[in-house]
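# Observations on chain architecture
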Amino acid sequence: MSYALIDGNCFYVSCERVFNSKLEGKPVVVLSNNDGCVITRSSEAKLLGVKMGVPWYQLKDFAKKHRLIAKSSNYALYGDMSARMMSVLSSFSPDQEIYSIDECFLGMQGFANYDLTDYGQAIKKKVKQWIGLPVCVGFGSTKTLAKFANNTAKKRPEFRGVCNLGQLSATELNELLASTDVRDVWGIGYQWSKRLNAIGIATAKDLRDADPATLRRKFSVVVERTVLELRGVACLAFDEVAPPKKQIIFSRTFGEYISSLSELEEAVTAYTANAAVKLRRQDSVAGLIQVSLRTNPFREDQPQHQPHLGLQLVVPSSDTRVLVEMALHALRRMFKNGYAYQKAAVMLMDISQDTATQATLFSCETGNPALMKTMDKINTRWGKGTVKLAAEGVDQYWQMRREMISPSYTTSWNGLPVAR
DNA sequence: TCTGGGGTCCTAGGACCC
DNA sequence: TCTGGGGTCCTAGGACCC
């Protein structure tokens, strides 16, 4: 069995470029929600030395000087482009696992007679032609090796965007592994890479050749599995259908600080409604809802308050009104006057499929599934927010800032590109 | 003075991913 | 002034049970 991993090159920037050719060849970054910090960089921006995660306000002067272009993130656009890309990719294998917004695995079982390097080039070409997005392709006998191959295809121009490990000699593979920092192995983050370095494991090759049992003892079973995966022993499952989420979070920084309870109530109501939509989309109900608030932790000069409170529902529910009632209850218990709150989050937990719900003896209010379904249908058909609870507020001053956002070219009539 | 052993469940915290 | 959002898995330790 072998796997392909296809990954969009600086995906968000590439999505912007599809509809705005002026961004081509220029240093571009896409910012996180609220225009907070850099989350995607074009290769030109990387060359300028722009680091991942830098706060935008620290970069403004630099951007002016170096003609760095910033875009607010436009998830309506990226989500839609992602769906199109995934649909094209699904035509290249019967088995697809969508791993994130910009990457998927394909199962390559039954492709033994194919030249996978050619096949990878064909994939790359079709996605570029049909969707307009540049991708790289990596092939390996485990997911971790496919990831490694993809990473190699990205970094080394001589591979022309496609790396098939199966085609390499043992020497060539060793050379590639030896020239890859252990930090760049999928599953090894900053903390573990530091500790691995300390015991003499610096490269992907060192890690592959280390003793799995020792690493399990010193680190965890996760690191052991990574070692085995690098050796070609598959330890990670291929999930074709996304399993339902075990927790659902809706969390946003406000456009402006909020100090009043009534405005927080509006925001928490809206956040809960958003989380509930996600919950119903996977036909689930939640048994526990947690609300949290946060002041700006960077403002050490200001009083800090980061409360969170979870409340159990008597009967698990997905009804927005039931969930909102609980959320507001939690909010009112935590809220304190005199703080500038910067962010709120609503988290749904104890999630189960709604068919499995246990009825109570004294059948309590569990909500009205039919009404919720109708609401979701209307909002899908006529656009988000067509029908909502009045308590979500009308003005919504706390909505996030997105000062450099592009139109929703593919998902809104108003954003439709015009051909001249 | 002396104070078992084994199992389960839950939670918090730490690590990782994009 | 301005620092994102949304997930997963694993482990250790405490509570509790017999």
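To be clear, the structure that these remarks concern was listed above.
Presented here is an overview of the structure given in this document. This one's a predicted model, so the numbers in the text were calculated from it and none came from an experiment.

Strand order in the open sheet made by the 3 strands is β3-β2-β4, with mixed pairing throughout. What marks the edges here is a single partner per strand, and that holds for β3 (38-41) and β4 (69-72). With direction set aside, neighbouring strand axes in the sheet form an average angle of 30 degrees. Here 3 bridges tie strand β2 (residues 28-31) to β3, and the two strands are oriented antiparallel to one another. Counted as the bridge partner of V30 is T40 from β3. Most of the contacts of helix α1 (residues 11-19) go to β2, to which it runs at about 110 degrees, and overall it touches β2, β3 and β4.

Spatial strand order, β9-β12-β10-β11: 4 strands in an open sheet with antiparallel pairing. Each edge of the open sheet carries a strand with a single partner, namely β9 (248-258) and β11 (308-317). Looking at each pair of strands side by side, their axes are set apart by 15 degrees on average, direction ignored. As judged from the 7 bridges shared by β9 and strand β12 (residues 341-353), these two strands associate in the antiparallel manner. Opposite I258, over in β12, you have Y341 as the bridge partner. Contacting β9, β10 (284-295), β11 and β12, helix α12 (residues 261-281) runs over the sheet at an angle of about 155 degrees to β9. Along the sheet face, helix α13 (residues 320-334) touches β10, β11 and β12 and points at about 155 degrees away from the line of β11.

Next up on the list: the nonpolar core. In this structure, F254, L264, V268, Y271, I289 and L348 are the most contacted members of the largest nonpolar core, which totals 37 residues. Put simply, the parts of the chain that give this core at least two residues each are β9, α12, β10, β11, α13 and β12. Top contributing element to this core by residue count: α13, with 9 residues. Setting aside chain neighbours within four positions, we find L264 in contact with F254, I258, L293, L331, F335 and Y341. Membership of the second largest hydrophobic core comes to 32 residues, among which are V28, M81, M86 and L106.

So, about the pattern of salt bridges. Applying the stated rule across the entire model yields 14 salt bridges. Between E158 and R156 there is a salt bridge, with its nearest N and O atoms 3.6 Å apart. Taking the relative accessible area as the measure of exposure, E158 reaches 54% and is therefore exposed. Overall, R156 belongs to the partly exposed group, its relative accessible area being 21%. With a closest N to O distance of 3.0 Å, D319 and R321 form a salt bridge. When salt bridges with common partners are traced through the structure, they connect R156, E158 and E175 into a single cluster.

Quick notes on the rules
Residues numbered from 1 in each chain as written. Chains lettered and ligands numbered in written order. Predicted model: local features only at pLDDT ≥ 70, side-chain atom pairs only at ≥ 80, totals over all residues. Heavy atoms only, no water. Pairing = 2+ DSSP bridges. Helix = DSSP H or I, 4+ residues; strand = E, 2+ residues; numbered from the N terminus. Axes fitted to C-alpha atoms, helices over the stretch in contact; angles between N-to-C directions. Contact = heavy atoms within 4.5 Å. Core = buried A, V, L, I, M, F, W, Y, C linked by side-chain atoms within 4.5 Å. Buried < 20%, exposed > 50% of the residue type's maximum accessible area, 1.4 Å probe, protein only. Salt bridge = Lys/Arg side-chain N within 4 Å of Asp/Glu carboxyl O.

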